[in-house]
Amino acid sequence: RVLAEFLLADGAHRVRGRRILELGSGTGALGLACGLGRATRVVLTDRLLPIAPSSPYDFSGEVEQVGNYQNTPKSSRKQLDLLEQNLRLNQPLFGDDVDMRVVELDFAASGNSAASATVVA
């Protein structure tokens, strides 16, 4: 939050015209601030959240099997869905000149990713 406030107050020139990759975006506050600072592209990332086998929460419709093995843990897209919703709700603030997107962060994936950046936050 502090860095987002700095970018909105005094640091917008640091992101203007740049491509930003925010690792582990959470709510996306920093990435949204970069969008307001007129970065050309902002990629908000987070990971799928593992679900404990005895979870008291109902994840029906949000659970996917990771991998092709029976003993592989299940994960929820809930965090990514909330991040996408936050982006949609704030999209009118950025206009068409800022490319904002949400991408799953997968540390096990290969290096060939669509998420390229000049600044990693």
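Heads up: the structure comes first, above all this text.
Worth saying up front: this structure is predicted, and the values here are computed from it rather than measured.

What counts as what
- Residues numbered from 1 in each chain as written.
- Predicted model: local features only at pLDDT ≥ 70, side-chain atom pairs only at ≥ 80, totals over all residues.
- Heavy atoms only, no water.
- Salt bridge = Lys/Arg side-chain N within 4 Å of Asp/Glu carboxyl O.
- Helix = DSSP H or I, 4+ residues; strand = E, 2+ residues; numbered from the N terminus.
- Buried < 20%, exposed > 50% of the residue type's maximum accessible area, 1.4 Å probe, protein only.
- Core = buried A, V, L, I, M, F, W, Y, C linked by side-chain atoms within 4.5 Å.
- Contact = heavy atoms within 4.5 Å.

Asks: How would you sum up the pattern of salt bridges? Please name residues and give values.
Replies: Any two side chains of opposite charge can pair, on the condition that their charged atoms come close. Evaluated as defined, the whole model comprises five salt bridges. A salt bridge links Asp99 to Arg41; the shortest N-O distance between them is 3.2 Å. Note that Asp99 is positioned in strand E6 (residues 99-104) and Arg41 in strand E2 (residues 41-46), a separation of 58 residues in sequence. You can call Asp99 partly exposed: its relative accessible area is 27%. Among the residues examined, Arg41 registers a relative accessible area of 19% and is labelled buried.

Asks: Give a description of the nonpolar core that names residues and reports values.
Replies: Counting residues in each nonpolar core, the largest one holds 19 residues, and the members touching the most others are Val42, Leu87 and Met100. Listed by contribution, the elements that provide at least two residues to this core are helix H1 (2-15), helix H2 (29-36), E2, helix H3 (78-90) and E6. Per element, the largest residue contribution to this core is four residues, and it comes from H2. For Met100, the contacting residues outside a window of four places in its chain are Gly31, Leu32, Gly35, Val42, Leu87, Gln91 and Phe94.

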